[in-house]
Amino acid sequence: YYRRSQAAFEQIGAAVLAATATHNIGEILCDQGYFEEARADLSAALEIWRSAAYPGASMATANLGRLAARTGHFVGAEALLAEAKDEFGRIGAESAVVDVEMREVERRVLMGEGAAALELATAVRGRAEQPVQQAFLDQMIGWARAQLDDFDAARAAFYASLRTAQ
């Protein structure tokens, strides 16, 4: 679907919309573990969005940060996520700030920093308004609790994530 949308938008010269489709494909590829393909799509979207001064460009930066974390490049991930968070904060996009902070929680979990991940996830969870954000954060709280050997609390957080996702 997104590839057809991307092609249609390119055909009519709607570069920003084509970049949105490209970005969405990159995000899916990242979730599926196709990191190099994801990096190419996310980077292409970011380049187009930046050239168009599109305010959502920082989401591509955030997703490149997520990709960096998932491939073990934690310092680079931290810098990309901080850049995206600062930009979204500057324009007052609170839900997007929460999205970026979710990616930072994931980075901390992937680094094995359960206590730091739990602290941030708990703080962000209180500001998360969208069910998908809440479910993701509950899942990250579960992983952080498991890293801290608190398996009963981890199980409860995973169940909370499932309930929210349903």
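The preceding data block contains the structure.
Keep in mind the model is a prediction, meaning the values are calculated, not measured.

(A) Up close: the pattern of salt bridges. According to the stated counting rule, one finds 17 salt bridges in the structure shown. With its nearest N and O atoms 2.7 Å apart, the salt bridge here joins E104 to R107. Of the two residues, E104 and R107 are both situated in helix α6 (residues 94–110); the distance of three residues between them amounts to about one turn of the helix. An identical accessibility class is assigned to E104 and R107; each is buried. The salt bridge involving D152 is made with R155; its shortest N-O contact spans 3.1 Å. With D152 and R155 both in helix α9 (residues 151–165) and three residues apart, this pair spans about one turn of that helix. Using a relative accessible area of 45% as the deciding quantity, one classes R155 as partly exposed. What you see here is one network of salt bridges that share partners, running through D31, R66, R70 and E106.

(B) Focus on the nonpolar core. Grouped together as the largest cluster of nonpolar side chains are 16 residues, with contacts concentrated most on V105 and L137. If we ignore the near neighbours within four places in the chain, the residues touching L137 are M102, V105, A121, V124, R125 and A128. In terms of nonpolar packing, the next biggest core, distinct from the first, is built from 13 residues, A19, L29, W49 and A57 among them.

(C) Quick peek at unusual backbone geometry. Notably, A53 is not glycine yet its phi reads approximately 55°, a positive angle. Inspection of the secondary structure puts A53 in the loop between α3 (35–51) and α4 (57–70). Among the residues examined, A53 registers a relative accessible area of 65% and is labelled exposed. Positive phi is not limited to glycine here, since D149 has a value of about 60°. Within the secondary structure layout, D149 lies in the loop between α8 (131–147) and α9.

(D) Structural view of the environment of Q6. Mapped onto the secondary structure, Q6 falls in helix α1 (residues 2–11). For Q6, a relative accessible area of 11% corresponds to the buried category. The spatial distance from the C-alpha of Q6 to the C-alpha of A19 is 7.3 Å, given a sequence separation of 13 residues.

(E) A look at the packing of α3 against α4. Between α3 and α4, whose axes approach to 8 Å, the crossing angle comes to 160°. On the basis of the axis angle, α3 is roughly antiparallel to α4. Handedness of the crossing formed by α3 with α4: left-handed. In contact with F35, A38, R39, L42, S43, L46, W49 and R50 of α3, α4 contributes A57, A60, T61, N63, L64, L67 and R70.

The rules behind each value
Within every chain, residues take consecutive numbers counted from 1 along the sequence as written. Selection of residues for local features in this predicted model requires a pLDDT of at least 70, selection of side-chain atom pairs for listing and counting requires 80 or more, and totals for whole chains, interfaces and linings are taken over all residues. Heavy atoms from the whole structure form the basis of all side-chain values; hydrogens and water molecules are not counted. A side-chain nitrogen of Lys or Arg and a carboxyl oxygen of Asp or Glu constitute a salt bridge if their distance falls within 4 Å. Runs of H or I in DSSP of at least four residues are treated as helices and runs of E of at least two as strands, each being numbered from the N terminus. Note on exposure labels: buried denotes an accessible area under 20% of the residue type's maximum, exposed denotes more than 50%, and partly exposed covers the range between, all computed with a 1.4 Å probe on protein chains only. In plain words, nonpolar cores are sets of buried Ala, Val, Leu, Ile, Met, Phe, Trp, Tyr and Cys residues tied together by side-chain atoms within 4.5 Å. The contact criterion used is simple: two residues touch if any of their non-hydrogen atoms lie within 4.5 Å. To obtain an axis, a line is fitted to C-alpha atoms, over the contacting stretch when the element is a helix, and the angle between two such axes runs from 0 to 180 degrees between their N-to-C directions. Throughout this description, any angle smaller than 35 degrees is read as roughly parallel, any larger than 145 degrees as roughly antiparallel, any in the 65 to 115 degree range as roughly perpendicular, and the remainder as oblique. Helix crossings fall into two classes, left-handed where the near helix is turned counterclockwise from the far one by less than a right angle and right-handed where it is turned clockwise.

The analysis is restricted to geometry; functional conclusions fall outside its scope.
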